[in-house]
Every structure is written in structure tokens, then in C-alpha cells.
Amino acid sequence: MRVLAAMSGGVDSAVAAARLVDAGHDVVGVHLALSKNPEAYRSGARGCCSLEDSHDARRAADVLGIPFYVWDFAERFAADVVADFVSEYAAGRTPNPCLRCNEKIKFAAVLERGRALGFDAVATGHYARLERDGDRMSLYRAAEPAKDQSYVLGVLDADQLRHSLFPLGGDTAKAGVRAEAAARGLSLAKKPDSHDICFIPTGDTAGFLHSRLGRRAGDVVDLEGQVVGAHSGTHQFTVGQRHGLHLSVPAEDGRPRYVVGVDPAANTVTVGPRTALAVRVIEGIRPTWTESPVDGSWRGLVQVRAHGEALPALVTATDGGLRISLDQPAYGIAPGQAAVAYDGDRVVGACTIAGTAA
Amino acid sequence: MTARTYLDHAASSPCEPGVVEAMAEAFAVAGNPSSLHASGRRARRVLEDARDSLAADLGVLPGEVVFTSGGTEANNLALLGARPPWRPGLAVSAVEHPSVSAVRERLPGVAVLPVTTTGHLDLDAVAALLDARTGLVSVMWVNNETGAIQPVAEAAVLAHATGALAHSDAVQAFGHLPVDIAASGLDLASVSAHKLGGPVGIGALVVRRGTPLSPQGFGGGQEARLRSGTVPVALAAGFAAASRLAAVRRETEAVRLGRLRDRLIAGAVAAVPDVRVNTVGPCSPAIANLTFTGARADDVLLLLDAQGFDASTGSACSAGVHQPSEVLVAMGRSVDDAGSSLRFSFGPDTADAAIDALLAVLPGVVARARSAA
């Protein structure tokens, strides 16, 4: 196969590319330039946007002896991922930009360009498994649960998955990839993992949102509507958040309070006790399916955040969406995040959380 | 891997065996050419033989050749060092190599001399852009992206008429065109070894006798106090050997490569729809620049690379991201067209068969790249 290996400059994608070379594929490495103004160097955890990362990716490709190109997707990324990130926060929701990038950039714009250029598939260093059974391609959790990244791939559809490769998904040995990178002579074996949002290299999401959305002071109110504090912009808050509230009026029962609602229209943030966060029903919009749409009701598992647990639920197809009824209440589910539905270890589909109910 | 066809000589032209031999011999000579002892004298002999040979090929005196680390340093030295305080003004063409245009961006009030749509200096516009404060006029001899040959002698006359000095970046000219610095009337000219089959890491600034130049780096005062740092003797020997080889075959190669260039251009225009030719008028025989409207240059390169061809966009990269050619934009091309342009450049190993092979794959490659844009 002719494979386009997306190489971030990190250890996982480099080893993924190396394994494809070993398997006899015709591999070309591509690093995505996603920032208009890449930072020359970054300390600490790193993502996808620095010159150092593109250098590291190029160096790995050179060691593997494969062609390497940098593709400029900065404009698409700014429009499809960064602008969406900002507008979702402005609307009082909590987006997941990595998921969005997979859906709109890596497995869409990049895959399209690659296919047009004659490539059969895009490969990444994500930890998830693809299994083909005849014409059927199924996406499963990684063999190693601690490394599983199937959640951020849950938005991919059947056509995208048929042209995807995740060479690391079957790994079981812990930390094996770093040892493998070192054994292959890849100097990025010791590079730290990236955790932060790549376009906010400082990790200061609040500051980033302030710079894009400005400051707009408003009230923090409790469930009775009583003002208990002040905020400088609703986009600074996420449902389920406990820290950084700076409340001036203590709770009567002395228990911790959480953000239970964000209302940009009224410019208020509502706080309440943990019990007010309990969610039993999730209304999802924009459903996507890894294979084919599933109608009616079915029992499965639902994951609502990147490293969250799988919650048993009844999933029902609604008009243009999904209703997810959880067996047990879950806490701190933020609108805007993705809910990914599983059948055991198999990813069935995903939707964007539009609303929740107790 | 299949046999590769190297069509990127303007980026760097491989060292030929004679050049490697000359360097191997010189590397075996121990010593610092500035030392007074026997070893130093032996090294100095090799260095000065190289300087003599190179000076003869350039049409200047040995004392007028100042070795540098390459074309970039030579251009920097000329632009920064040849403007006296009472004439600080600089005028450069709009289509210079980054080692000139980046200096221009760091200096205030630099006059930019416009080019025509063929990329040649608009001589009628030059005089009005020079004044009594212009200290140096710099116009490249051959454009590194399009191959356009500039009227450097005419530019030198205009510079001298206002009392300014004249410099030319002759990096892409030396070895391909007759480059007689004395006859050109230039005061300063930059050359580089690896563009004509010499080693990477050495170049020279020709400084005509009597031309005031102040050093821009400081140290041991080598190279007539104009360029401090121990001169790499073996690289100088390689430079001289490459220059000799190029000089001996230059006339026959110019005819041969010019024919290859014309065949590539005509073949591409005939076989690929919507090709725009950017190598027109007086041009180097070794460079052909084509715009494949509607295709990303990067994608054409990727597909050619996969078919075994090494070509280039010819312009600078930023973090590996291809930027639209500023040279083509200065010639009046759209930014999109400037980002759809490729340079093919030739050298002694470029055979007829390479052009045939390229023309055989080019229509399919461009069609596929266009479908991905």
C-alpha cells in the first residue's frame, strides 16, 4: 500500500511509520503545519505546532529513509478547529479540539489530499485497533486500556476508517514504543508526551480565550438565583468545574460547589452542589457512525471524556440525534463534549452532547 | 530504489571525481596557511595556488579574491561592508536571493529596483531610484529561480554614474556563463563553489582593487583583514578544481544544456495543459522554471520524487512549509501561480534521457497534483 504517515514529531507517530516501512508499505511522512506562527522552541510538554516538532519529524523520516513533506494546513486548522473551539466556548459549551482535528483535518483534509495524490491510507500513532472482516472495518479500543485513544477517533466514519491505519493499537507491553524507538535509532525516543492543546502551548486556556473573546464581567449565582460571586467571562467555565470559582458567599452546608450551568446569553455562571451535576439522560446531536447507522434502541457503553470510564447505557436513535440513558447517574458532563458509544470494545459511533437531564 | 534523476543542480551540484581528488590531496597537507613554519608554508602554497587559479577563471587578480564560507557570507559582506557612512543607501533588485533580500529587510530605506514580467531588471527605472546617498547597487547576475540573466554591466554603469559601487551575486552565473568580472565593470561579485560542482562550505567575494570594504566579522585578520577565520585550504583547492573543470567545458555545456532546457520547456508546454513558462528572454542554459497553474508545487514535487526525480521550487521554505516564490510575485505573477511553480536545473550529468523521462511522467503527475489541490 502507499501510506501517508502523519508524523507529529512525537515518538508514537514515528514508530508507527517505522512499522509500516517494515511491513513493506511504500511510506511517505508528512508533518502538518497547523500554526501560522510556529514557535521556534517550546519547553515541557509539546504538541504539533513548533519548529522543533517539524525538525524532529523530519529527522525521524530521514532515519527511516522515507520521503518527508510538511503540509500547510494552518488555514483549515484555524477555520475548522481553532475558530470552532472559540465559538463553542463563547456559546457556553466545552469543545474537544483534538477530536475536531481528527474529524476535519487529519482524516478529512489530509486524507483527501493524500488519496488524490495516490495514497491508499493515512496512518497515525493513535492507540486504537482496526479489524477488517471482509468489507467490514471495525474500530476497537487499544489492546492496552491505559493507552486507549479510541475516544478521539470515535467521530470517524466508515469511509475514513477504511483508509486509516493505526499500527500501535495492538501493543500490550507498557512503554514498549519508547524502547522500540531507541532501538531503531530514533532520537526522539526520550521526548516527552504531549498533553496540552497544541495551539495553546502555554497551557493557559483561560488566557487564550480572554484574548479571543475579551472579558465580560458577570454574576456567579446559586441555584436559587442568589449572587454568590463574580466572573470575568462565562467562557472561563466548564460544567463540572470546581476550582477557580472565587465565591464570596460560602455555601450554607459548607460543601464544595461546582459549576452546574453556563449561560452566555444571561452572562451568568450557576453553581451548585455535586448532586446538581447528576446526569442520567444525554441528548446528542450530529451523530456519526464508524460502520453503519444503528436504529432503534440498544444497550452499550458510553464514554463522555477522553480518559473517562465507559458507562453502561441505553442508546436510542432520535430524530437527527441520539438519546443516551445512563444506568447510573454520571457527574460533570459538559455540553459540547463528545459522547462515544461502544459495543463492548468496539466503537459504534459518536455524537456531540447538546443537553443533559437528571 | 530506482535510479534517480537529479534536476536540482542550482541547489547544489555534486562534486566530480577530479574535485574530490584535489580535496583529498589538499586534506593530506597538514598545517594552517597562516603559520610561518614548513607545514604552514605547504598549506599556504595549496591555498594560494587555488586562489591564483580561481582568479584567472574570474578574470581578476589573485589579491582580489576573498574566500568566504559561501555565497551567503559573500553577499552579506558586500552589502554590509561596502557602503561608506556618508553613502549608506542600498539599492537591490526585486528578485534577489534571500542572502541579499533578507539583508535588505534589515536595513532602513533600501531602494528596490523593479523587474519586468520576464524577471529582467527594468533598466529604465533604475536611475530614478538612485541618489547621492546610494552607496551600493546590487543586482544578481543570474536569477536562482528563473535563470534570468540580468544586465549587470549596464547596472554597474548606472551605479557608477551616481557615485555608487556595484555588486552582483554571481553565484548562479559562475561556471555556466562567461563571467569576466573585470570586463563587467563590477566592483564586487559573489561566487560559490557548490553551485558548479565544488564543495559546500566555500565561496568568495571578488573585491576589485581599490574598492573600500570594511570587514563584518573580527578575528585573526585573514584574507587581507576582510574575512577573519582560518581558510579551509582543501575546500579552496576543491573550488579551484571545480572552476577549472567548469571553465574547460563551459562553452560546449552551455550549448548542450540550453538545448535540454528548450526541449524540456517546449515538451512541457506541448504535453501539459496550462503551463506558464517563467524562463524567457536572456536566461541561463541550466535552469527552467515552469508554473503548473492549479497544482500545489509541493504536490508536484512529492509525485516527481516518488517517480525518481529530484526537482525544486527554488524558493525558500519556512518551517518546511513552501512559501510562494517572491521572485515570481515580483514578476507580477499571482500568489497562487507563484505557489504552483517548479524549477528544474541541470548540470554535467544531465542527459537527454533525463528530459525524455521527465516529459513522460510530467502530464500524469501534474494532472494528479491538480486533482489534489
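Residues numbered from 1 in each chain as written. Chains lettered and ligands numbered in written order. Predicted model: local features only at pLDDT ≥ 70, side-chain atom pairs only at ≥ 80, totals over all residues.

Draft legend 1. Representation of the overall build of chain A in the model. Secondary structure assignment for chain A yields 8 helices and 17 strands. For chain A, the C-alpha radius of gyration of 21 Å lies close to 21 Å, the compact-globule estimate for 358 residues. Relative to its 358 residues, chain A shows a buried fraction of 46%. Of the contacts made within chain A by residues no fewer than 6 positions apart, 63% connect residues no fewer than 24 positions apart. (Helix = DSSP H or I, 4+ residues; strand = E, 2+ residues; numbered from the N terminus. Rg over C-alpha atoms; globule rule 2.2 N^0.38 Å. Buried ≥ 20, exposed ≤ 12 C-beta atoms within 10 Å, placed from the backbone. Contact = placed C-beta atoms within 7 Å.)

Draft legend 2. Geometry of the sheet that holds strand E4 (residues 111-113) of chain B. Residue and element names in this part refer to chain B. What the 7 strands build is an open sheet, ordered E2-E8-E7-E6-E5-E3-E4; its pairing is mixed. A single partner strand is all that each edge strand has here, and the edge strands are strand E2 (65-68) and E4. Looking at each pair of strands side by side, their axes are set apart by 20 degrees on average, direction ignored. Bridge count between strand E3 (residues 89-93) and strand E5 (residues 134-138): 4 bridges; the pairing is parallel. Bridge pairing in E5 links Leu 90 to Leu 136. (Pairing = 2+ DSSP bridges. Axes fitted to C-alpha atoms, helices over the stretch in contact; angles between N-to-C directions.)

Draft legend 3. Region of interest: the sheet that holds strand E11 (residues 268-272) of chain A. Residue and element names in this part refer to chain A. Taken together, 4 strands build an open sheet; the order of strands is E9-E8-E11-E10 and the sheet is mixed. Edge positions in the open sheet fall to strand E9 (227-231) and strand E10 (258-263), since each of these has one partner strand only. Averaged over all pairs of adjacent strands, the angle between their axes in this sheet comes to 30 degrees, without regard to strand direction. With 3 bridges connecting them, strand E8 (residues 218-221) and E11 associate as parallel partners. Its bridge partner being in E11, Asp 219 is matched across the sheet by Thr 268.

Draft legend 4. Region of the structure containing helix H6 (residues 152-161) of chain B. Residues and elements named next belong to chain B. The set of residues buried in H6 consists of Val 152, Ala 155, Ala 156, Leu 158 and Ala 159. All buried residues of H6 fall inside an arc of 165 degrees around its axis, so they share one side. Of the surrounding secondary structure, the elements contacted by the buried residues of H6 are helix H5 (123-129), E5, strand E6 (165-169) and helix H7 (181-184). Phi turns positive one or two residues past the end of H6, at Gly 163, with a value near 90 degrees. (Arc of directions from axis to C-beta.)

Draft legend 5. A look at the domain arrangement of chain B. Residues and elements named next belong to chain B. The domain architecture assigned to chain B consists of domain 1 (5-12 + 250-372) and domain 2 (17-245). The centre of domain 1, based on its C-alpha atoms, is set 27 Å off from the matching centre of domain 2. Taken together, the contacts link 26 residues of domain 1 with 24 residues of domain 2. Class assignment of the residues belonging to the side of domain 1 that touches domain 2 gives a composition of 13 nonpolar, 11 polar and 2 charged. (Domains from an automatic or database assignment. Nonpolar A, V, L, I, M, F, W, Y, C, P; charged D, E, K, R; others polar.)

Draft legend 6. The domain arrangement of chain A, seen in detail. Residues and elements named next belong to chain A. When the domains of chain A are assigned, the result is domain 1 (2-125 + 167-190) and domain 2 (215-276). On a C-alpha basis, the centroid separation for the pair domain 1 and domain 2 is 38 Å. Each partner contributes to the interface: domain 1 provides 5 residues, whereas domain 2 provides 6 residues. Residues belonging to the side of domain 1 that touches domain 2 are distributed by class as follows: 3 nonpolar, 2 polar and no charged.

Draft legend 7. Layout of the interface of chain B and chain A. Counting from both sides, the interface comprises 11 residues of chain B and, opposite them, 15 residues of chain A. Of all the elements in the fold, those that place two or more residues in the side of chain B that touches chain A are helix H9 (297-306) and helix H12 (352-372) of chain B. Taken together, the residues that form the side of chain B that touches chain A break down as 5 nonpolar, 2 polar and 4 charged.

Draft legend 8. Up close: the pairing of strand E16 (residues 338-343) of chain A. Residues and elements named next belong to chain A. Within E16, 5 of the 6 residues are buried, which leaves the element mostly enclosed by the surrounding structure. Sheet topology note: the E16/strand E17 (residues 346-357) ladder contains 6 bridges and is antiparallel. In the strand pairing of E17, Ala 341 is matched with Gly 349. A loop of 2 residues connects E16 with E17, the two strands running antiparallel in sequence, and Gly 344 in this loop sits at a positive phi of about 65 degrees.

Draft legend 9. Inspection of unusual backbone geometry at higher detail. Residue and element names in this part refer to chain A. Of note in the backbone geometry, His 246 takes a positive phi value of approximately 50 degrees without being a glycine. Mapped onto the elements, His 246 comes out in the loop between E9 and E10. Under the C-beta neighbour-count criterion, His 246 is labelled exposed, with 10 such atoms within 10 Å. At Arg 286, a residue that is not glycine, the phi angle is positive and equals roughly 50 degrees. Note on placement: Arg 286 falls in strand E12 (residues 279-289).

Draft legend 10. Looking closely at the environment of Val 315 of chain A. Residues and elements named next belong to chain A. Along the chain, Val 315 falls in strand E14 (residues 311-318). Taking the C-beta count within 10 Å as the criterion, Val 315 has 26 such neighbours and is therefore assigned buried. Sequence separation between Val 315 and Asp 295 is 20 residues, and the spatial gap between their C-alpha atoms is 9.5 Å. Excluding its chain neighbours within four sequence positions, the residues that come into contact with Val 315 are Ser 297, Trp 298, Gly 300, Val 302, Leu 322, Ile 324 and Ala 341.

Draft legend 11. Fine view of the packing of helix H2 (residues 38-58) of chain B against helix H8 (residues 233-271) of chain B. Residue and element names in this part refer to chain B. Contact geometry of H2 with H8 gives a least axis separation of 8 Å together with a crossing angle of 30 degrees. Relative to H8, the element H2 is oriented roughly parallel. H8 is crossed by H2, and the crossing has left-handed handedness. Across the interface between the two elements, Ala 43, Val 46, Leu 47, Ala 50, Arg 51, Ser 53, Leu 54 and Asp 57 of H2 pack against Val 233, Ala 236, Ala 237, Phe 239, Ala 240, Ser 243, Arg 244 and Ala 247 of H8. Here the residues of the contact of H2 with H8 are counted per class, giving 11 nonpolar, 2 polar and 3 charged. (Parallel < 35°, antiparallel > 145°, perpendicular 65-115°, else oblique. Left-handed = near helix turned anticlockwise from the far one by under 90°.)

Draft legend 12. Looking closely at the nonpolar core. Formed by 209 residues in total, the largest nonpolar core has its most connected members in Ala 17 and Ala 339 of chain A together with Ala 236, Ala 237 and Val 300 of chain B. The dominant element in this core, judged by the number of residues it contributes, is H8 of chain B, at 16 residues. (Core = buried A, V, L, I, M, F, W, Y, C linked by C-beta atoms within 7 Å.)

Draft legend 13. Main features of the confidence of the model for chain B. For chain B, per-residue confidence averages 95 on the pLDDT scale, and residues scoring 70 or more make up 98% of the total. ipTM for the predicted complex: 0.87, alongside a pTM of 0.90. (pLDDT = per-residue confidence, 0-100.)

Draft legend 14. Highlighting the packing of helix H3 (residues 71-81) of chain B against helix H4 (residues 98-106) of chain B. All names here are of chain B. Between H3 and H4, the least distance of the axes is 9 Å, while the angle of their chain directions is 35 degrees. The chirality of how H3 crosses H4 is right-handed. Across the interface between the two elements, Gly 71, Thr 72, Asn 75, Asn 76, Leu 79 and Leu 80 from H3 touch Ser 99, Val 100 and Val 103 from H4. Tallied by class, residues from the contact of H3 with H4 come to 4 nonpolar, 5 polar and no charged.

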